[in-house]
Amino acid sequence: MKDMEKSLEIASKSGAEYCDIRFVINREEEIQVRGLNPEKVTSKMDQGYGMRVLYDGAWGFAAGQTPEKIAVKAVKVAKASALAQKEKIVLADVEPYTDFWETPMKKDPFSVPIEEKISLLLDCSKALLEPEGVRVSRTSMKTQSQEKWFFSSEGARIRQKIVYCGAMVSAVALDGGDMQRRSYPTSFGGDHSQEGYEFIESLNLFDHCQKTGEEAVALLKAPNCPSGNMDVVLESSQLALQVHESCGHPTELDRVLGYEASYAGTSFLTPEKVGNFRYGSPHVTIVADSTCSKGLGTFGYDDEGVRACKTVLVDEGVFSGYLTSRETAYTMGEPSNGAMRAMGFNFIPLIRMTNINLMQGDFTFEELLEDVKEGVYMETNRSWSIDDKRINFQFGCESGVLIERGELTTVVKNPSYTALTPEFWGACDAVSKDWRLWGLPNCGKGEPPQSMFVGHGTAPARFRDIQVGVG
Amino acid sequence: MSKEDVFSILEKVLKATEADQCEAYLSGISWGLTRFANSYIHQNVAEDNERLTVRVVFGKKIGKARTNQLDPESIAEVVQRAEKIARAQKETPDFVTLPEPTPVSQVKGFYKETAEVSPEERALTVKASIDVADEKGITVSGAYYTGVEELAAMNSLGIEAYFKGTVSSFKINTSIEGGTGLAQDFSRNHKNLNPEVLTEKACKKALASRKTEKIPPGVYPVILEETAVCDMLGNLAAMTFGAQSYQEGRSAFSGHLGEKMVDESISVWDNGLEEYGFPVPFDTEGVAKQKVDIFSEGVAQDVVYDSFYAHKEGKKSTGHSVDVPIPIGPLPTNLFMGKGTSNLDDLISGCEKGILVTRFHYTNPMHRLKTVITGMTRDGTFLVENGEVVKGLKNLRFTQNILEALSATEGISNEWGTMRMEFVKVTICAPALHLGKFTFTGETLF
């Protein structure tokens, strides 16, 4: 790592007031089976250096294979940034740690023979196709490791190795002009966890295939979800995406300050609301926790060398804090809570969700249903959309079940719901105690676009008088 | 790198393998992106990176591996990694063969002046836009990128393809109390971008949308500006225009090719060789891009193919293999909707009552087979009455079947706007549309 030290020296001697460099090795194994075809079995390895430089209060970044070259280039880019700078960027203080951190795991997922993984996914794919009416089956598994070294001009010397894996199975049923899908354990890549292959084994994928296929077929004959205002109970993976879109993204302080205005937009959670804005009901407490076991947003240090920690974002319904970086935290007069991560060596760190968790409540699932006269229980995300201040959203789910006088009755297809974020969370009057941590491997943000792995702990919850059945 | 250097690397791959068939694909990028917000440059990046992907085939067993290290040892290692996977693989029953060579046309995609744009030049261009907006009391954000991409493919059946092109884009969002605006353009030649014109356009839009009123959700005629149409067409392409969804019965085209599905004024095609948009002469398998007519006068004509899905039907690939993180199959990559004869002002003056939409935001499918999507309006939504824009509107949520919307086409503008879906490298060029019916299902607070 002498070359990293050298590049810090080059940038500092060129006049940079701050610089950091990351060397990152990304390793990824991806298996995708479609029907009886193991269509895509790929092993990817990327590595390289990415360097950030703060020169005259302006940022520059360069990525490549030669640390000394990128040091020169990053300074050049920063000098260019200074040509259109209004105020000098200042970073909140951080202790320069020297440390090593790695994912605890029992069974390294890369050590499991690929034959075994392909066989499992093919067997699952065949089982998904068994129920008559299933037209397409899809199974997938992804394993990723990110080994990274972080050196800063302030003296930080941190090495981390993060490994996660996950999988899914999915069946699509077709009949005439309709198409319905069911997925297990959830859709869009499935569930992922920062642990070893023991996580894949715990999913018991094969045991769920028959039921997943049958549910897809049954949806074809199910009535459409009714339209109107009624109570909604959300299954925890759908709630994970709800938390992601309507709490995680709007509490990213870079978004709040306008840094993402030209892409996915800004946020309604503006700084004057901290500590006094009613985001939701007293049942709603949401935390950002990069220390919780097995989360995709768990690490020792973020990509600015800030140690992992826990921050309350919503405290019993009151908006109380942000996800921050050193740059944005300084504007609030606070230390960073360590949310900066980059997709790879060739991207700058951005504020990314860590594990954004809705804290569990006291209710059993049966108690959530108990006093619902008319409502819908919705499972597994199928569609999502939210406005550019994170206020109006609309979600579609794979499957719904009517709730009538406290009982689950009829399966309905194409369930959807829409609301305004504070009204929706304000209508939450019960969170169950069946808490589970979900891992989403594909959160998009930034220009150039970066995809990041994040975690969400959620439990099924009940929302009163919500508009359902749109479109 | 030079073409010879790149081919030398790809040849090493082909020589290193014992597989029955082998394919090597290299994609390189050397670029810079200057991003601005709150009227200053807040992110400014430069990247040099090359990725070598190797696919090997033993019978019907296929393995794929990728590296971004191009030294001889790394090239040998990536080949071995792909072979190891292939040997451990199960057979892919529907696989026939890697593609045979096809003559690859030359397209002009490289502009020396664009390749040479420096970080300073990008910063000064951004600063000029900031200064123009500052004078009007408008805050700006956006991104300006320029660079060079290098693509090459070679396979053991004789494919050899190479392309070096430049890339550029300027996007500006404007913001003033109560109003926002957007203007953007993409081109292989940065001289075509015209940031000054885009800045003025986005400022004008923000000023016009400052005072907004609510309008109840419902079904309205709409005039969708070019960016909104590009967004809608991109969604339709992902759901409908590829051979994977078509063969699986998940495309609205499945079983309906040859049928009139939208208004006869609508024609859509993909053409990787057309200089407008982002032309690339071949796909990630090295297969030459074919022009594919998708809608001709409202009639569904065809979908796009890569070699895998083409061979399943006994056809030849149309050159639309893509390498994207999602298992979506072949995709259009340089997609066009035919122009009309009116300009945007004519469309507005021909509208008795309707809603003018600058762009959509966060669109996503609700029902893929039925081509139903939802999304929000953004950066300028206006009420049109008696042929004139009369006031700004608060943003609305729509939930709409795209084919039904296109079936009610009442007017098409005579200019293309361009949008590039960066994550999947798909470029879309489309005119503005006047549609007779469009369903808005919700509203927001701004």
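Residues numbered from 1 in each chain as written. Chains lettered and ligands numbered in written order. Predicted model: local features only at pLDDT ≥ 70, side-chain atom pairs only at ≥ 80, totals over all residues. Heavy atoms only, no water.

1. Some points on the overall build of chain B
In step 1: For chain B, the count of helices and strands is 10 helices and 20 strands.
In step 2: Here the C-alpha radius of gyration of chain B, 23 Å, is about what a compact globule of 446 residues would show, namely 22 Å.
In step 3: Principal axes of the C-alpha set define a box for chain B whose edges measure 70 × 55 × 35 Å.
In step 4: Within chain B, buried positions represent 64% of all 446 residues.
In step 5: Residue pairs at least 24 apart in sequence account for 72% of intrachain contacts in chain B once pairs closer than 6 positions are excluded.
In step 6: One finds the centroid of the 48 positive side-chain charges in chain B at a distance of 4 Å from the centroid of its 60 negative side-chain charges. (Helix = DSSP H or I, 4+ residues; strand = E, 2+ residues; numbered from the N terminus. Rg over C-alpha atoms; globule rule 2.2 N^0.38 Å. Buried < 20%, exposed > 50% of the residue type's maximum accessible area, 1.4 Å probe, protein only. Contact = heavy atoms within 4.5 Å. Lys, Arg positive; Asp, Glu negative; His and termini not counted. Charge placed at Lys NZ, Arg CZ, Asp CG, Glu CD.)

2. Looking at the side chain of Thr227 of chain B
All names here are of chain B.
In step 1: Along the chain, Thr227 turns up in helix α6 (residues 226–240).
In step 2: On the basis of relative accessibility, which here comes to 19%, the residue Thr227 falls in the buried class.
In step 3: Once residues lying within four places of it in the same chain are set aside, the contact partners of Thr227 are Leu182, Gln184, Thr358, Arg359 and Met419.

3. As for empty space enclosed by the protein
In step 1: Taken as a whole and judged by the stated rule, the model has 7 cavities of 30 Å³ or more.
In step 2: Estimated volume of the second largest cavity: approximately 580 Å³.
In step 3: Taken together, 29 residues form the lining of the second largest cavity, with Glu39 and Lys40 of chain A together with Lys64, Asp306 and Val322 of chain B sitting closest to its centre.
In step 4: Elements that contribute at least two residues to the lining of the second largest cavity include exactly β2 (37–55) of chain A together with β1 (21–37), β2 (40–58), β3 (61–67) and α8 (307–312) of chain B.
In step 5: For the lining of the second largest cavity, the leading source of residues is β2 of chain A, giving 4 residues.
In step 6: Each residue belonging to the lining of the second largest cavity can be placed in one class, and the counts come to 13 nonpolar, 8 polar and 8 charged. (1 Å grid on protein atoms, 1.4 Å probe; cavity = no way out; pocket = protein on both sides within 12 Å on 5 of 7 lines; lining within 4 Å. Points joined across faces, edges and corners; volume = space filled by probe spheres on them. Nonpolar A, V, L, I, M, F, W, Y, C, P; charged D, E, K, R; others polar.)

4. Describing the environment of Lys60 of chain B
Residues and elements named next belong to chain B.
In step 1: Within the secondary structure, Lys60 sits in the loop between β2 and β3.
In step 2: Through-space distance from the C-alpha of Lys60 to that of Asp94 is 8.5 Å; in sequence the pair is 34 residues apart.
In step 3: Not counting residues within four places of it along the chain, the set of residues in contact with Lys60 comprises Lys90, Glu91, Thr92, Pro93, Phe95 and Val96.
In step 4: Within the structure, the side chain of Lys60 is placed 3.2 Å from the backbone oxygen of Pro93, a separation counted as a polar contact. (Polar contact = N/O pair within 3.5 Å; in protein donor to acceptor, adjacent residues only side chain to side chain.)

5. Digging into the sheet that holds strand β10 (residues 292–296) of chain B
Residues and elements named next belong to chain B.
In step 1: Read from one edge to the other, the open sheet built from 6 strands follows the order β11-β10-β9-β12-β19-β18, with strand pairing classed as mixed. Both edges of this open sheet fall to β11 (299–300) and β18 (417–421), since each of them pairs with a single strand only.
In step 2: As judged from the 3 bridges shared by strand β12 (residues 334–337) and strand β19 (residues 426–430), these two strands associate in the parallel manner. Looking at the pairing, Leu335 lines up with Ile428 of β19.
In step 3: Across the sheet, α6 lies against β9 (268–270), β10, β12, β18 and β19, angled at about 130 degrees from β19, the strand it touches most. (Pairing = 2+ DSSP bridges. Axes fitted to C-alpha atoms, helices over the stretch in contact; angles between N-to-C directions.)

6. So, the pattern of salt bridges
In step 1: Applying the stated criterion to the full structure yields 57 salt bridges over all chains.
In step 2: Notably, a salt bridge pairs Arg34 of chain A with Glu248 of chain B, separated by 2.6 Å at the nearest N-O pair. With Arg34 of chain A in strand β1 (residues 18–34) and Glu248 of chain B in the loop between α7 (243–247) and β9, this pair bridges two chains.
In step 3: The exposure class of Arg34 of chain A is buried, given its relative accessible area of 8%.
In step 4: We note a salt bridge from Glu447 of chain A to Arg35 of chain B, for which the minimum N-O separation is 3.0 Å. (Salt bridge = Lys/Arg side-chain N within 4 Å of Asp/Glu carboxyl O.)

7. Remarks on unusual backbone geometry
All names here are of chain A.
In step 1: In this structure, the amide linkage connecting Tyr184 to the following residue, Pro185, adopts the cis form with an omega of -10 degrees.
In step 2: Of note, Pro185 is situated in the loop between β7 (178–184) and β8 (191–193).
In step 3: For the bond running from Glu447 to Pro448, omega is 0 degrees, close enough to zero to count as cis.
In step 4: By the element assignment, Pro448 lies in the loop between β21 (436–445) and β22 (450–458).
In step 5: With a phi close to 55 degrees, Asp56 is a non-glycine residue in the positive phi region.
In step 6: As for its position among the elements, Asp56 is in the loop between β2 and β3 (58–64).
In step 7: Even without being glycine, Arg390 reaches a positive phi, approximately 70 degrees.
In step 8: Among the secondary structure elements, Arg390 is positioned in the loop between β16 (374–386) and β17 (392–404).
In step 9: Since its relative accessible area comes to 2%, Arg390 is described here as buried.

8. Observations concerning the domain arrangement of chain B
Interfaces are frequently sized by the accessible area removed from exposure as the parts join.
Residue and element names in this part refer to chain B.
In step 1: For chain B, the domain assignment lists domain 1 (3–203) and domain 2 (211–443).
In step 2: Just the C-alpha atoms count here: the centres of domain 1 and domain 2 sit 24 Å apart.
In step 3: Domain 1 puts 38 residues into the contact, and the matching count from domain 2 is 29 residues.
In step 4: Counting each side, the surface lost to burial between domain 1 and domain 2 is near 2,800 Å², with a carbon and sulfur contribution of 60%.
In step 5: Taken together, the links from domain 1 to domain 2 amount to 2 salt bridges.
In step 6: Among the salt bridges present, the one from Arg55 reaches Glu285, with a minimum N-O distance of 2.7 Å. (Domains from an automatic or database assignment. Buried area = accessible area lost by both parts, 1.4 Å probe.)

9. Let's talk about the nonpolar core
In step 1: With 64 residues, the main nonpolar core has Tyr279, Ile286, Tyr417, Phe424, Trp425 and Phe463 of chain A as its most contacted residues.
In step 2: When residues in this core are grouped by element, the largest group, 5 residues, is from helix α6 (residues 236–248) of chain A.
In step 3: The contacts of Phe463 of chain A, once residues within four sequence positions are left out, are Met230, Asp231, Val232, Leu234, Leu239, Phe424, Trp425, Ala427 and Cys428 of chain A.
In step 4: Judged by nonpolar contacts, the second largest core, of 62 residues, contains Ala252, Val268, Phe308 and Ala310 of chain B. (Core = buried A, V, L, I, M, F, W, Y, C linked by side-chain atoms within 4.5 Å.)

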